[in-house]
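# Coordinate inspection notes
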Amino acid sequence: VQLQASGGGLVQAGGSLRLSCAASGRTFHNYAVAWFRQAPGQEREFVAARSRVGGSTYYADSVKGRFTISRDNGLKTIFLQMNTLKPEDTAIYYCAAGQRVITSSLPSPEAYDVWGQGTQVTVSS
């Protein structure tokens, strides 16, 4: 599986963006998927994940209620709908996928073995 992220851009605080992550490969449906982000000078942090089995979703406290992760296995695409954006959401956003990610490891970047190239999101105040 390979991933290609898109949809980033510049938006005013309070606005919305939808990120997409297109996957290649026939076994995409067997992967857990997630979004992480990294702001300048900071470590990569967990944003949201969706488990492989059952489709359970998990969110960082900082985005809960504002962001929604989803996937379309037919389109082989992962989405991140981001609403009520804040300046502190500014970062490069990365999509990730992993075949052997257990529930407790969903927020850990080390659990994922496939990464997209990142897309810049900038939220102005």
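Here the structure is a predicted model, which means the values were calculated and not measured.

This paragraph deals with the overall build of the protein. A count of helices and strands for the protein gives zero helices and eleven strands. The order of helices and strands in the protein, counted from the N terminus, is β-β-β-β-β-β-β-β-β-β-β. What you see for the protein is a C-alpha radius of gyration of 13 Å, in line with the 14 Å of a compact globule of 125 residues. For the protein, the C-alpha atoms occupy an extent of roughly 40 × 25 × 25 Å along the three principal directions. Out of the 125 residues belonging to the protein, those deemed buried represent 42%. Considering only contacts in the protein between residues 6 or more positions apart, those separated by 24 or more positions represent 59%.

Let's shift gears to the pattern of salt bridges. In total, this model carries five salt bridges according to the counting rule given. Arg 66 is the partner of Asp 89 in a salt bridge, and the nearest nitrogen-oxygen pair spans 2.8 Å. Here the residue Asp 89 occupies a position in the loop between β8 (77–82) and β9 (91–98), and Arg 66 occupies one in the loop between β6 (57–59) and β7 (67–72), the gap between them amounting to 23 residues. By sharing partners, the salt bridges in this structure join Arg 37, Glu 45, Arg 66 and Asp 89 into a single network.

It is worth spelling out the pairing of strand β11 (residues 119–124) at this point. Where burial is concerned, the two faces of β11 differ: the one with Thr 119, Val 121 and Val 123 is buried and the one with Gln 120, Thr 122 and Ser 124 is not. With four bridges joining them, strand β2 (residues 9–12) and β11 adopt parallel strand pairing. Its bridge partner lying in β11, Gly 9 is registered against Val 121. Where β9 lies against β11, three bridges are found, and the strand directions are antiparallel. Residue pairing across strands places Ala 91 opposite Val 121, the latter belonging to β11.

Parameters and conventions
- Residues numbered from 1 in each chain as written.
- Predicted model: local features only at pLDDT ≥ 70, side-chain atom pairs only at ≥ 80, totals over all residues.
- Heavy atoms only, no water.
- Helix = DSSP H or I, 4+ residues; strand = E, 2+ residues; numbered from the N terminus.
- Rg over C-alpha atoms; globule rule 2.2 N^0.38 Å.
- Buried < 20%, exposed > 50% of the residue type's maximum accessible area, 1.4 Å probe, protein only.
- Contact = heavy atoms within 4.5 Å.
- Salt bridge = Lys/Arg side-chain N within 4 Å of Asp/Glu carboxyl O.
- Pairing = 2+ DSSP bridges.

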